[in-house]
Amino acid sequence: MIGEYSGFILAGLGGGAVVAALALGLVLTNRATGVINFAFGAMGMYVAFAYFQFRDNGDLILPVIFIPSRIHLLATPTLFTALLMAVLLSAVLGAATYWLVFRPLRRAPALASVVASLGLMLYLQEVVRLNFPTGSAATVVRMGVLPERPVRFLGTAVTANRLLLVVFVVLATVALTALFRYTKFGLQTRAAAGSQKGAMLVGISPDRIGLINSMIATVIAGIAVILIEPISGLDPITTSLLVLPALAAALLGGLSSFAIATCAGLGIGMLQSLILGYTVRPSTSWIPEWVPRTGLQQAVPVILVLIALVWRGDALPDRAYLVDKRLPSSPTPRHVTLWTILLVGATSVALLGFDAAYRQALIVTMVSALLALSIVVITGYVGQISLAQLAFAGVAGFTVINVANDGLPFPVAALVATLVATAVGVVVALPAARVRGMSLAIATLAMAVALEQLVLSSKGFSGGVAGRSAPRPVLFGVDFGISARGADNFRPIFGFLVLGVLTVSCLMVANLRRNRTGLRWLAVRSNERAAAAAGINVARSKIGAFAVSSCIAGLAGVLLAYSTSTLSTNSFMVIGALVALALTYLGGIASIGGALIAGLLAQAGLFTLLANGGTDGKAGTYVFAISGLGLIVMAIFAPDGITGAVRQGAQHLQRSLGIGAQPPQQTLLAGAGAGAGAGGGTGVGAAAGAGLGAGAGPGEGEPHHE
Amino acid sequence: MSEVVLQVRDLSVRYGGVLALSSVSFDVADGQIVGLIGPNGAGKTTCIDALSGFTTPSARNPSFSYISFLGRSIDRLSPQSRVRLGFARTFQSLELFDDLTVRDNLRVAAATPTWISTLTDALWPKRKVDAAVEEVLELLGLDRFAEDRPEHLSNGQRHLVAVGRALVGKPKLLLLDEPAAGLNPSETAELSKLLRSLPDRGVSVLLVDHDMSLVLGVCDQVHVLDFGSIIASGTPEQIRSDPLVISAYLGHGSSGVDEPAPGAGSES
Amino acid sequence: MSVPQVSPTEDPILRCTGVVAGHDGLAVVNGLDLTVGAGEVVALLGANGVGKTTTLLTISGLIPLLGGSIELQGRDLEASRRMPIGGGNHSARSQQVLDRARSGIAHVPEDRALFFDLTVQENLRLGLKRKSDRKHGSLGRKQAPSQVEDDTNQGEHQLDSSEILDQVLGYFPALTGLLDQPAGLLSGGQQQMLAIGRGLMSQPKLLMVDELSLGLAPILVEQLLPVLRTFAQTTGAGVLIVEQHVHLALAVSDRAYLLRRGKATLSGSSAELSADPDLVEAGYFGE
């Protein structure tokens, strides 16, 4: 019986080893800097690309844009020189990311480091796509490092490189454990992790500790990804997302144990391989048809993470929990009626006046804004980082298609689907109310992966890769369908339907924000203990907010289903959820205006079209990379997003023009205000430039974020 | 005798291996201001945390009521449920909602939500004027700052906002954790005037502070905590002359001076 | 004030002149003058919130100095870098803390900032200065070396790390049997000993202990305070303590400052101050 599966188990050693190596790096950086780096897989991915390029022709390709990135170093690279180059390169990369990105964010809220590391991940993915000749893979011969001949191990055939990879990871684990236990540097790292103040007072520099550990971690990640290439291949997106199972392993080790993280990583790899082997076996008939086989394999590790996280969580933080300061400011919505009339009016004119291409972009913008609005509610107002919003949208999207195809009329089907999404949101919120900060981000990410792999990928639910189509929405004999029969011409009437839903949603969110519900949300975001002391049921507030936000996400999913000819699972992949959060942050995560700007910036939204139209599509070349950098810069310097920068600029302008009732003594400062106002204006311009990028990626194979 | 609002019996709290509060018992009667004093680390904040539901008592006998409020055991209630029964508390570090204006800080605490209120809040655009909020703003002289954020206020005003947030829900019992910390003498005098007016408004008070002149000046009854236990109880006059109290603050006078100085608690 | 001002030591280890300090640019300490001489134990007294802890944090560099000057053995600690108000430059500030720790200031903060996961021995070892810092040890090269400083310098050259450890364990014999225990499992009193011991491992020129008796049984406090006395006398270092038990603090210190509203309103020799308890009480209440 065992023998039947031992092949699968051993085949999983390779994948498990790379997960373990990344988990080691995550544990190391967390222990030394307190940061969880979502871009860790992407960093390893870049190093591996650089290694194979160098090994092939001696060219070092740097992760830069605009300036020449290719340096010819050696005419005849050898295995040794190439590996040496890879080690040095990863060390430099680790040092640079620590110093430039994570060191400034040491004391920032979890949201800022999540967004910054997402920005780094997007940037690295895009730089690899731009700078490496991956499109024509034939130009690079990927020369593997380890021998690939099969050997017999425990009576089963397995390739040598898998076993050697495990040896590498185990050696790294032993080395790190020894480093931490027996060296002065390890002692200092453990000390700094225990008490940063204590460390500084005895003369230990936390920056030096963070820098060195970040370098070591990146070297391990880089080498592991280089070694895994012959087994798992190398791809900017897939390889970057190896960080997810690695997070699972690291979390099982409490983000502090190297040995447990490694064992968990290897275990996850073998378990995945075993599940795959078991489920593809013809005799495995008890698993229902609708359960996606590969999904089961992906979902198991994240479900483990979820259990670990929730088990450790607590309903209220204890006295020692540091309250995140410096959250993005959330101003009370003002002039709501005026804004509504202006925006609805302008959009209506645009829907009627635009040609089909622009009308399509406008519809995409509105649907994306709706999804962003759901993120504003849960993450901006309540401070709960949710990466599951896109999955809620997906659930609603396929639900509406299924129930409508079963004969439910349009508005009822849409309502049912939205309610289903809301219910799923509440179910997700029940355990999520017990964790906070970075842990919540990971928990919701895990649930998003579980939903994607088990539900959205289910053939019976979503039609699998082929996708499904919704029937035309007809209400009281009026056809709201997006396309004229047979032709794809984006009818304005569908645009008005979307506009109506978006307007009502925005108004309701504005009302909630101005009423006591919104105050309670902001109170929970600001300080959970004080909120409880003010009589607020913190868990119930969070669950209520999850319900509202998943309801809005569900609406977005329903509209998305009606707006495309075929809805496929690709629209709801996890990377899209990360991009959606990042765009909303860019727009301004704690205001309705921020959601609308995020919609404009969305891929295939208005900005993309304008940018590509103005430059014959050339604007798309660098914009994704710039947007990644922009996210990092925004996370560090402008947590209020574009709307915040605009608001500040407007305030400065107002002050310098003498508009508004300023106390007399402040007129002295008018000159300074004008100067600062000009500064703010530059900020807006820079932000808008970055935003442009985020929307207008070339994005082949890049899923829509909506 | 007036009615007992809060009855604490045999309350113990353990943090790790340390017994932070050890079998503490006392009462707060209706309309009373009761003071809780003691050196730093004596367990005062722990006591407020336990009373308001933020810390779980270590000994838990389900048939015994450790904390009773208006004759009802509240040992198992969550913090927010205790608030709804008529508890209110402040924090040593104030813990104001920095994102909200002063008025909104108070509005948050003013009413209990229902499941329906989320729905009505979504549909109804108008901000309702809340009489209770406006009344407290006026009482504390905060109406001029109602639309300012707490960060723009002085330290004394911020303390008043914290007290206001606790008062706005019309509590029966107010637990104040070092409300005078960092206040200047005139602000402290204002505070003590305010505290004295509370019993007339139907609010009983448990006051934790280091400012001896404040505590001894406004309280009807004072309990002295040291190393988690109550070492003395009595009227301010009795406490002032209690040798145990003096030694708790000044150390056991085995060396040095014969007549210990009656200094106040002194941490910064 | 009726108590005569004690003449400041001629070559003080620490001299604070007109110090203004506080969190977020808000001055809690406002114009504090203070000196700690070689071999002297100085107590900082005062009611809650008057700025005693803030003073220590400012001296060790954990919060920025807003005005005035702090000198360690005649060298202006702020001369090299001035922090912007609000201290936006976190990295530069942390560098400042490191510089001061390495140049001979040991600060035992209120929360003790121990490394709970590490053993007692590891905690102590981390207190050791780097070899290079140990050699160049003292920084006041400009001034004429006093007798005391000569002694400490000789001590530094002679001792290796295990000898320093023995010396510190000599002050706190109770820690000897606990060397392999994680610090987190120690009792409050043992933790306080460890925190002070870790500070002593660096052979500081100035040892600052905040709230020494916090959460400790008075009997323990009575054992700990004389250790500081012995340390100051044998090494010639300065000791600055913040202590809420006025009586004990005055018994062990040479001089004391009474802080009120961010200023020293009363200072004098401890003997004089304890002889006149009413004066101290008046200092607390300002009446």
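Worth saying up front: this structure is predicted, and the values here are computed from it rather than measured.

Cut-offs and rules
- Residues numbered from 1 in each chain as written.
- Chains lettered and ligands numbered in written order.
- Predicted model: local features only at pLDDT ≥ 70, side-chain atom pairs only at ≥ 80, totals over all residues.
- Heavy atoms only, no water.
- Helix = DSSP H or I, 4+ residues; strand = E, 2+ residues; numbered from the N terminus.
- Buried < 20%, exposed > 50% of the residue type's maximum accessible area, 1.4 Å probe, protein only.
- Contact = heavy atoms within 4.5 Å.
- Areas by Shrake-Rupley, 256 points an atom, 1.4 Å probe, with all protein chains shown as cover.
- Buried area = accessible area lost by both parts, 1.4 Å probe.
- Salt bridge = Lys/Arg side-chain N within 4 Å of Asp/Glu carboxyl O.
- Polar contact = N/O pair within 3.5 Å; in protein donor to acceptor, adjacent residues only side chain to side chain.
- Nonpolar A, V, L, I, M, F, W, Y, C, P; charged D, E, K, R; others polar.
- pLDDT = per-residue confidence, 0-100.
- Domains from an automatic or database assignment.
- Axes fitted to C-alpha atoms, helices over the stretch in contact; angles between N-to-C directions.
- Parallel < 35°, antiparallel > 145°, perpendicular 65-115°, else oblique.
- Left-handed = near helix turned anticlockwise from the far one by under 90°.

**Overview of the overall build of chain C**
- Across its full length, chain C carries 11 helices and 10 strands.
- The buried share of chain C, reckoned over its 287 residues, is 60%.
- Excluding contacts between residues fewer than 6 apart, the proportion of contacts in chain C whose partners are at least 24 apart in sequence is 70%.
- In the structure as shown, chain C presents an accessible area of about 10,900 Å², 51% of it carried by carbon and sulfur atoms.

**Focus on the interface of chain A and chain B**
- Counting from both sides, the interface comprises 30 residues of chain A and, opposite them, 39 residues of chain B.
- Between chain A and chain B, roughly 3,200 Å² of surface is buried when both sides are summed, and carbon and sulfur atoms account for 52% of that area.
- On the surface where chain A and chain B come into contact, there are three salt bridges.
- Salt-bridge contacts for Arg516(A) lead to Asp130(B); the nearest nitrogen and oxygen are separated by 2.2 Å.
- Our count for the chain A to chain B interface comes out at six residue pairs in polar contact (both at pLDDT 80 or more).
- Broken down by secondary-structure element, the contributors of at least two residues to the side of chain A that touches chain B are helix H19 (492–514), helix H20 (516–526), helix H21 (528–533) and helix H22 (538–563) of chain A.
- If you tally residues by element for the side of chain A that touches chain B, the top one is H20(A), at eight residues.
- Residues of the side of chain A that touches chain B, tallied by class, amount to 13 nonpolar, nine polar and eight charged.

**Some points on the pattern of salt bridges**
- Taken as a whole, this structure holds 18 salt bridges over all chains when the rule is applied.
- A salt bridge links Glu126(A) to Arg129(A); the shortest N-O distance between them is 3.1 Å. Here Arg129(A) and Glu126(A) lie together in helix H4 (residues 110–131), a separation of three residues that amounts to about one turn.
- For Glu135(B), the salt bridge identified is with Arg201(B), shortest N-O distance 2.9 Å. Of this pair, Glu135(B) sits in helix H5 (residues 131–139) while Arg201(B) sits in the loop between helix H7 (185–197) and strand E8 (204–208), and the two are 66 residues apart along the sequence.
- For Glu135(B), a relative accessible area of 39% puts it in the partly exposed group.
- Note on Arg201(B): relative accessible area 40%, which makes it partly exposed.
- Salt bridges linked by common partners bring Arg529(A), Asp49(B) and Arg89(B) together as one network.

**Observations regarding the confidence of the model for chain C**
Residue and element names in this part refer to chain C.
- Across chain C, the average pLDDT comes to 77, with 75% of residues at 70 or higher.
- This model gives residues 1–9 a pLDDT under 50, and the stretch forms 19 contacts once residues within four places in sequence are excluded.
- This model gives residues 137–156 a pLDDT under 50, and the stretch forms 30 contacts once residues within four places in sequence are excluded.
- Model confidence for the complex: the whole-complex pTM is 0.78, and ipTM, which rates the interface, is 0.85.

**Description of the domain arrangement of chain B**
Residue and element names in this part refer to chain B.
- In terms of domains, chain B is made up of domain 1 (1–86 + 171–268) and domain 2 (98–169).
- Each partner contributes residues to the interface: domain 1 has 14 residues there, and domain 2 has 13 residues.
- A buried area of about 1,100 Å², summed over both sides, lies between domain 1 and domain 2, and 70% of it is on carbon and sulfur atoms.
- Per-residue buried area on domain 1 facing domain 2 is highest for Pro171, Leu194 and Arg201; these three make up 42% of the total on that side.
- At the junction of domain 1 and domain 2, the tally comes to one salt bridge.
- The interface formed by domain 1 and domain 2 holds two residue pairs in polar contact (both at pLDDT 80 or more) in total.
- Counting residues per element, the ones that place at least two in the side of domain 1 that touches domain 2 are strand E7 (173–177) and H7.
- Here the side of domain 1 that touches domain 2 is built from residues that sort into nine nonpolar, one polar and four charged.

**Re the packing of helix H3 (residues 102–110) of chain B against helix H6 (residues 155–167) of chain B**
Residue and element names in this part refer to chain B.
- Put simply, H3 and H6 touch, their axes get as near as 8 Å, and they point 25 degrees apart. Viewed along their axes, H3 and H6 adopt a mutual orientation that is roughly parallel. The chirality of how H3 crosses H6 is right-handed. Two secondary-structure elements touch here, H3 through Val102, Asn105, Leu106 and Ala109 and H6 through Val161, Gly164 and Arg165.
- By residue class, the composition of the contact of H3 with H6 is four nonpolar, two polar and one charged.

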